[in-house]
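Notes for the structure review
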Amino acid sequence: GVLPASQMEIEMIEKTRQKRLFESMLPPPTDEFSYGLRSQLMEEQEFKEWAEREKQIRDLQEKRLELVQQMLSERTAEEDRLHAEKLERLRNRKMEERDRVLARTQRLRIKTLRKMFKQKSKVERENLRTEAR
């Protein structure tokens, strides 16, 4: 099976055809005038080819730059996402730690209040016993 030609391959084939057509239309280098004309036309064609190649290089560089900018943007977005996740984990851990401290403080407060209530009751009972005598 033969794969279909890519756009780039089609363009290269077309450029080769145009170059062959151009070369076939050049005057033959038989006399000095024809040779000079042929040389001048070939030089102009060469300049056109170089200009086209430079344009291709610029286009390729622009595509690469866009790709690098896109990758940099994606990397920055990923770093931002990871940073936000880390911040959220830290916030959750600190909130859990705060909740544990509050719960422990609340338990200690309740324990202390019960102890104080127990002592108060004990003192009141002793006062009642001493008054009853």
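Structural notes, computed from the coordinates.

Re the layout of surface pockets
- Within this model, the largest pocket holds a volume of roughly 410 Å³.
- Of all the secondary-structure elements, those providing two or more residues to the lining of the largest pocket are α1 (7–25) and α2 (32–132).
- When residues in the lining of the largest pocket are grouped by element, the largest group, 8 residues, is from α2.
- Among the residues forming the lining of the largest pocket, the class breakdown is 4 nonpolar, 2 polar and 7 charged.
- Taken together, K15, T16, Q18, K19, F22, Q45, K48, E49, E52, R53 and Q56 form the lining of the second largest pocket.
- When residues of the lining of the second largest pocket are traced back to their parent elements, those giving at least two are α1 and α2.
- Here the residues of the lining of the second largest pocket sort into 1 nonpolar, 4 polar and 6 charged.

Notes on the side chain of S34
- Positionally, S34 belongs in helix α2.
- With residues up to four places along the chain from it excluded, the contact list for S34 reads P27 and P28.

Concerning the pattern of salt bridges
- Taken as a whole and assessed by the stated rule, the structure comprises 9 salt bridges.
- A salt bridge links E79 to R75, with the shortest nitrogen-to-oxygen separation between them at 3.9 Å. Taken together, the positions of E79 and R75, both in helix α2 and 4 residues apart, correspond to about one turn of that helix.
- Classification of E79 by relative accessible area gives partly exposed; the value is 45%.

Basis of the calculations
Numbering of residues starts from 1 in every chain and runs along the sequence as written. Two thresholds apply to this predicted model, a pLDDT of at least 70 for residue-level local features and 80 or more for giving and counting side-chain atom pairs, whereas whole-chain, interface and lining totals are computed over all residues. As a convention, hydrogens and water are excluded, and side-chain values are obtained from all of the structure's heavy atoms. Grid points spaced at 1 Å over the protein atoms alone were grouped into cavities, where a 1.4 Å probe fits but cannot get out, and pockets, open sets with protein on both sides within 12 Å along at least five of seven lines, with lining residues defined by an atom within 4 Å of a point. Grid points are joined across faces, edges and corners, and a volume is the space filled by probe spheres set on the points. By definition, any uninterrupted DSSP run of H or I lasting at least four residues is a helix, any uninterrupted run of E lasting at least two residues is a strand, and each is numbered from the N terminus. Under the scheme applied here, ten amino acids are nonpolar (Ala, Val, Leu, Ile, Met, Phe, Trp, Tyr, Cys and Pro), four are charged (Asp, Glu, Lys and Arg), and all others, including Gly, are polar. Residue contacts are counted whenever heavy atoms from the two residues lie within 4.5 Å of one another. Salt bridges are defined by distance alone: a side-chain nitrogen of Lys or Arg within 4 Å of a carboxyl oxygen of Asp or Glu. For the exposure calls, accessible area comes from a 1.4 Å probe over protein chains only, and a residue counts as buried if that area is under 20% of its type's maximum, exposed if over 50%, partly exposed in between.

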